[in-house]
Amino acid sequence: MKRILFVLTAILMMTTGVVCAQEKSASITVTGSATYDFGDIVETSGPASHVFTVMNNGEMPLVISRVVASCGCTTPDWTKEPIAPGKTGEIKVTYNPAGRPGKFVKTIAVYSNGKADGNYVLTIRGNVVQKNS
């Protein structure tokens, strides 16, 4: 009887340890705003870029697996190595205004182990104006 009680207690302790270990995770947040407004961009001035700084507020390394822009006119580049807890990484977003006059709003989906339900969304916006001769 003591042996069975000992085995059950050991199993309970191991199960509790596994559950506690699984609660640790990475957590992605943006320092500042998750939306950036370029304002007016002159179409002939070429691509415009903004760097979002992301922070890992979790207890495990943050791994950004992919970053996807809502259209081909927006190109993301990001920190590829794991981001340690309490440290930051970067996501650089470049928008090409050529042939796209007018207002724009583009979203960038950030896929990582830092959010359990889906992706983290960044947004850029602005207005492309044609240069008057």
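Residues numbered from 1 in each chain as written. Predicted model: local features only at pLDDT ≥ 70, side-chain atom pairs only at ≥ 80, totals over all residues. Heavy atoms only, no water.

Lay out the overall build of the chain with the relevant residues and their values.
Along the backbone of the chain there are 1 helix and 8 strands. From first element to last, N terminus to C terminus, the chain shows the α and β order α-β-β-β-β-β-β-β-β. Out of the 133 residues in the chain, the part that is buried amounts to 31%. Looking at the chain as shown, the accessible area adds up to about 8400 Å², and 57% of this sits on carbon and sulfur atoms. (Helix = DSSP H or I, 4+ residues; strand = E, 2+ residues; numbered from the N terminus. Buried < 20%, exposed > 50% of the residue type's maximum accessible area, 1.4 Å probe, protein only. Areas by Shrake-Rupley, 256 points an atom, 1.4 Å probe, with all protein chains shown as cover.)

Talk me through the pairing of strand β6 (residues 88–95); I want residue IDs and the actual numbers.
Residues G89, I91, V93 and Y95 point to one face of β6 and are all buried, whereas T88, E90, K92 and T94, pointing to the other face, are not buried. As paired elements, strand β3 (residues 48–56) and β6 share 8 bridges and run antiparallel to each other. Opposite H50, over in β6, you have V93 as the bridge partner. Relative to β6, strand β5 (residues 74–78) runs antiparallel, the two being bridged by 5 bridges. When the sheet's bridge partners are listed, T74 is paired in β6 with Y95. (Pairing = 2+ DSSP bridges.)

So, the state of the cysteines: which residues are in play, and what are the values?
This model, assessed by the stated rule, comprises 1 disulfide. Across a sulfur-sulfur distance of 2.3 Å, C71 and C73 are joined as a disulfide pair. With the S-S dihedral at roughly -40°, the linkage between C71 and C73 falls on the left-handed side. Here C71 falls in the partly exposed class, since its relative accessible area comes to 24%. Judged by its relative accessible area of 4%, C73 falls in the buried class. (Disulfide = S-S within 2.5 Å.)

Worth remembering: the numbers are spatial, not functional.
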